[in-house]
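Residue-level structure breakdown
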Amino acid sequence: MVTIFYQRMFQSKSLFAGGIHPTDGFDKALTGGKNIIKYIPNTVRISLKQGLGPACKPVVHAGDHVMEGQLIGEAGHFLSAHVHASVTGTVTAVDETACEIAVEDCRLPDTDCVYYKEFVEISYSKEELVRLLSEGGLVGMGGAGFPTAVKYATKEKISHLLINGAECEPFLTCDEHLILEQGMAILNGARALKKACGAQKVIICMEDNKVHCKEALDKLLAGHGREVEIRLLPTKYPQGSEKQLIQAVMGVEIPAGKLPAEVGAMVSNIQTAKAAADMIFGGFPSTSRVITITGDVAHPGNYLVPIGTDIGELVALAGDVKSKDNKVILGGPMTGRLLGFCLDAAKMQAEKMAVVSKVSGGLVVLDGNKPEVSNCIKCGRCLQVCPAGIKPVMIEKNYLLGNLIACKALYATECIACGSCSYICPARRELAFHVVSAREAVRAKIREEAAQHA
Amino acid sequence: MHKDVHSPYIRTKVTTASIMQDVCVALVPALVGAIIFFGIGSLLITLVSVATCVAGEALWQFAHHQKITVKDFSAVVTGMLLAFNVPSTTPLWVIVLGAAFSILVVKQFFGGIGNNVINPALMGRLFLMLVYPTKIMSYAEPMDVDAITSATVLASLKATGKTGYSLWDAFVGKVPGSLGETSALLLLIGFAYLVWKKEVNVAISGAFFATICIISLCLGQNPFMQLFAGGVVLGGCYMLTDYNLASGSGKWIYGIAAGMIVMAIRLWGTYPEGVCFALLIVNSMSGLIDGLLKKGHIYGIED
């Protein structure tokens, strides 16, 4: 009984170790209940680097007229993915990194298509599906940017395909709204991806703050319940991290240094599944995505935009930023990238700060202040919340002393860069930044040593 | 203004200062109890102790051109805990010395908050015990207008085998003793607040109390009297739980070791009370205990 009491009191219901509850839900409520807004800009600047690999080779020239979905960048590396024109228009400028197009027309994937309304037959073979994913330029849209076709071409036997709709990052609701509005396309995409990797079952996983999404999908699944499973998981960051999601659903850990496929798992984001449906059933390559613009903006919301849309333009669309001392983050507030401080829409547009890529899930505007870093008080909170089970405080200490051997012995290499340690630190120490730095330094050292031995 | 240049860009509301403030709040019921039992002098001692700690820390940091960190409230906690560990009859100049020793020698000499090895309040109390034993060893009878001093429960238990006080008095705090330690009831109310705020780990305190109960039962002592008399509740709830990075199973060992030392000193030592020594010993052992235990599970690594 004591044990049960102890667990009730001090360990929240959880299917993976550690983790945090960053907010009480006000953040997601900012954009909750609003429909996705379709937005077509006047120009787009499409980055030719969308996958993990180097930038694609441009295959169009300034002055060319391109059609929406036409190939504009050819991948030359197995970790790169093809880039397509996200709009119809005239190419105004091309260089090694980006292609600028003046927009004449943009249809975005047609939601009147049959696969948005009902279950469709998948007539392609596994190989054909993988080829389509490659031609469509699909990459992991949850943030990793790993080329989907490369992942699905695996020779490993896959038992579970997990469609990741956890969306554990605070503030972001783009996946949630996509499920609510385009659930059938996601279900069809999930079924196609299941066939593409040869999985025995496909599970759409969501945090239990999205019960309404499960209900919506269950309704669509009526009569086809066996094809796709919908699973609710406890709401806890980082539930949507690949390793933690697999642990929560399948009860297994991916051995250090291995890929999920080796435990028979495959994970793809909700938006990837939807993009797969667009490519496989509609012939639309991956040229658009839904992005959440939220935080200190006048009208937070979710926007369906072509890849290459200027971020500043979207912020202006959301009513510009409200606070002067803001920080603007591309991605989620836990793992995103800082664009800068004290920005407004005009400044962001003038400086061509960023454009929407296939992996941009959100743009979050927050108050830029932060209390000063102070001494570690040895409270041990970072040890409790680390989902990897490592000791951020010890790794930070050794990293700052330049002791990489100790960092390696403390398994700095296993850090998943979720940021939970920095979030929870009452002394506001930059634990995550230092542990990730230590991880990179240790990995570089291991590579160096391996090269010397070879 | 400080900028957040590294992810994550959101942080919990809990800060070092908020934790320390919560501890201060948790100690307030016991302070009110002390004023009721031992008079307004208790409040005066506490205020002087806190003021000395805060001023000592600020002056030291000012003199050394360090950032002044008194706003984190840790000096306030040290001041309150030190005051709680001395009797209400302590002269004010003695408490000033003790507080100065705590904050300067034990805390600032080692590098300030987080870097001190040992709990400053405990060390300050030990310092006074050794340097001015007579000044902090006369315990007032609670709620007594004539200010008669008498032996503590544990001292009379040790000397005569009897206490002269009921268990209820010991639980509520109507017994002679250090000003903040006598009322188990009020200290536990404050502790419940900290547990509710998830700021302390009950494993350490639980193991500590359980060990004392079990040893008392085995050796024919009244376990409740051993728990409620003396500094077990104050030490177990507020000082043993002082942060020390002890990992999971280390916490149990930590509490059990402290409990065993307390009972050994109480039963077979010269002093009637052993909490102060026990806590100092386990404080110093925390690194050792952590080192002896297995490292805990790391994701993806076979144990």
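Look up: the structure comes first, before these words.
Keep in mind that this is a model prediction, so the values were computed, not measured.

1. Section: the pattern of salt bridges
Residue and element names in this part refer to chain A.
- In this structure the tally under the stated criterion is 15 salt bridges over all chains.
- One salt bridge in this structure joins Arg191 and Glu227, with 2.6 Å as the shortest N-O distance. Residue Arg191 is found in helix H5 (residues 174-197), and its partner Glu227 is found in the loop between helix H6 (211-220) and strand S11 (228-233); the two are separated by 36 residues along the sequence.
- With a relative accessible area of 10%, Arg191 lands in the buried category.
- Overall, Glu227 belongs to the partly exposed group, its relative accessible area being 29%.
- The salt bridge partner of Arg429 is Glu396, with a shortest N-O separation of 3.0 Å. Of this pair, Arg429 sits in the loop between helix H14 (420-424) and helix H15 (431-453) while Glu396 sits in helix H12 (residues 392-400), and the two are 33 residues apart along the sequence. Pair check on accessibility: Arg429 and Glu396 agree, each one buried.

2. Quick word on the packing of H12 of chain A against H15 of chain A
Residues and elements named next belong to chain A.
- Packing of H12 against H15 brings their axes to within 9 Å, and their N-to-C directions diverge by 65 degrees. The handedness of the crossing between H12 and H15 comes out as left-handed. Between H12 and H15, the contacting residues are Pro392, Val393, Ile395, Glu396, Tyr399 and Leu400 on the first element and Leu431, His434, Val435, Ser437, Ala438 and Ala441 on the second.
- Looking at side-chain class alone, the contact of H12 with H15 contains nine nonpolar, two polar and one charged residues.

3. Here's the deal with the sheet that holds strand S15 (residues 326-330) of chain A
Residues and elements named next belong to chain A.
- Read across the sheet, six strands follow the order S1-S14-S13-S17-S15-S16 without closing on themselves; strand pairing throughout is mixed. Both edges of this open sheet fall to strand S1 (37-38) and strand S16 (337-341), since each of them pairs with a single strand only.
- Sheet topology note: the strand S13 (residues 288-295)/strand S17 (residues 362-367) ladder contains four bridges and is parallel. Looking at the pairing, Ile293 lines up with Leu363 of S17.
- With respect to the sheet, H5 is in contact with S13 and strand S14 (301-306), its orientation differing from that of S13 by roughly 125 degrees.

4. Comments concerning the packing of aromatic side chains
- Overall, the coordinates contain 14 aromatic pairs over all chains when judged by the stated rule.
- Considering the side-chain rings of Tyr115 of chain A and Tyr116 of chain A, the 4.7 Å spacing of their centres and the 40 degrees angle between planes classify their relative orientation as tilted.
- Its relative accessible area of 11% is what places Tyr116 of chain A among the buried residues.
- For the pair Tyr271 of chain B and Phe277 of chain B, a centre-to-centre distance of 5.5 Å together with 40 degrees between the ring planes defines the contact as tilted.
- Phe277 of chain B gets classed as partly exposed once you look at its relative accessible area, which sits at 22%.
- Site record: aromatic cluster; members linked through ring pairs are Trp168, Phe171, Phe224 and Phe228 of chain B.

5. Side note on the nonpolar core
- Ranked by size, the top nonpolar core spans 85 residues in total, and within it Leu27, Leu81, Phe208, Val232, Leu234, Tyr238 and Leu240 of chain B carry the most contacts.
- Per-element tally for this core: the top contributor is helix H1 (residues 16-38) of chain B, with 11 residues.
- Contact partners of Leu81 of chain B, with chain neighbours within four places excluded, come to Leu27, Ala121, Leu234, Tyr238 and Met239 of chain B.
- Counting 61 residues, the second largest nonpolar core, distinct from the first, contains Leu48, Val66, Val103 and Leu304 of chain A.

6. A look at a nonpolar patch on the surface
- A cluster of nonpolar side chains, namely Val28, Val32, Ile36 and Met143 of chain B, defines an oily patch on the protein surface of about 340 Å² accessible area.
- Residue classification places Val28 of chain B among the partly exposed residues on the basis of a relative accessible area of 39%.

7. Structural notes on the interface of chain A and chain B
- If you look at the interface, chain A gives 61 residues, while chain B gives 39 residues.
- Roughly 4,400 Å² is buried in total at the junction of chain A and chain B, and carbon and sulfur atoms are behind 60% of that figure.
- Broken down residue by residue, the surface that chain A buries against chain B is led by Lys370, Ile377 and Lys378 of chain A, which jointly contribute 14%.
- Joining chain A to chain B, the criterion identifies two salt bridges.
- Of all the elements in the fold, those that place two or more residues in the side of chain A that touches chain B are helix H1 (2-10), helix H7 (242-250), S15, S16, helix H11 (381-385), H12, H14 and H15 of chain A.

8. A look at the state of the cysteines
- Under the counting rule described, the total for this entry stands at zero disulfides over all chains.
- Among the cysteines around Cys382 of chain A, which has no disulfide bond, Cys379 of chain A carries the closest sulfur, lying 6.5 Å off.

9. Points about the sheet that holds strand S3 (residues 57-58) of chain A
Residues and elements named next belong to chain A.
- The sheet built from three strands is open, its strands ordered S3-S5-S6 with antiparallel pairing. With one partner strand each, in any of the chains shown, S3 and strand S6 (83-84) form the two edges of the open sheet.
- In the sheet, strand S5 (residues 71-74) pairs with S6 via two bridges, with the strands oriented antiparallel. Bridge pairing in S6 places Gly73 opposite Val83.

10. Let's talk about helix H8 (residues 270-282) of chain A
Residues and elements named next belong to chain A.
- Relative to the 18 Å expected for 13 residues at 1.5 Å per residue, H8 spans 17 Å between its end C-alpha atoms, a close match to the ideal helical length.
- The buried count for H8 comes to 11 of 13 residues, which makes it a mostly enclosed element.
- Between the side-chain oxygen of the N-cap and the backbone nitrogen of Gln271 there are 2.8 Å, and the N-cap of H8 in question is Asn269.
- Just downstream of H8 lies Gly283, where phi reads positive at about 75 degrees.

Rules used in this analysis
- Residues numbered from 1 in each chain as written.
- Chains lettered and ligands numbered in written order.
- Predicted model: local features only at pLDDT ≥ 70, side-chain atom pairs only at ≥ 80, totals over all residues.
- Heavy atoms only, no water.
- Salt bridge = Lys/Arg side-chain N within 4 Å of Asp/Glu carboxyl O.
- Helix = DSSP H or I, 4+ residues; strand = E, 2+ residues; numbered from the N terminus.
- Buried < 20%, exposed > 50% of the residue type's maximum accessible area, 1.4 Å probe, protein only.
- Axes fitted to C-alpha atoms, helices over the stretch in contact; angles between N-to-C directions.
- Left-handed = near helix turned anticlockwise from the far one by under 90°.
- Contact = heavy atoms within 4.5 Å.
- Nonpolar A, V, L, I, M, F, W, Y, C, P; charged D, E, K, R; others polar.
- Pairing = 2+ DSSP bridges.
- Phe/Tyr/Trp six-rings, centres within 6.5 Å; stacked < 30°, edge-to-face > 60°.
- Core = buried A, V, L, I, M, F, W, Y, C linked by side-chain atoms within 4.5 Å.
- Patch = residues over 30% accessible without salt bridge, like charges linked within 9 Å, V, L, I, M, F, W, Y side chains within 5 Å.
- Areas by Shrake-Rupley, 256 points an atom, 1.4 Å probe, with all protein chains shown as cover.
- Buried area = accessible area lost by both parts, 1.4 Å probe.
- Disulfide = S-S within 2.5 Å.
- Expected span 1.5 Å × (residues − 1).
- Polar contact = N/O pair within 3.5 Å; in protein donor to acceptor, adjacent residues only side chain to side chain.

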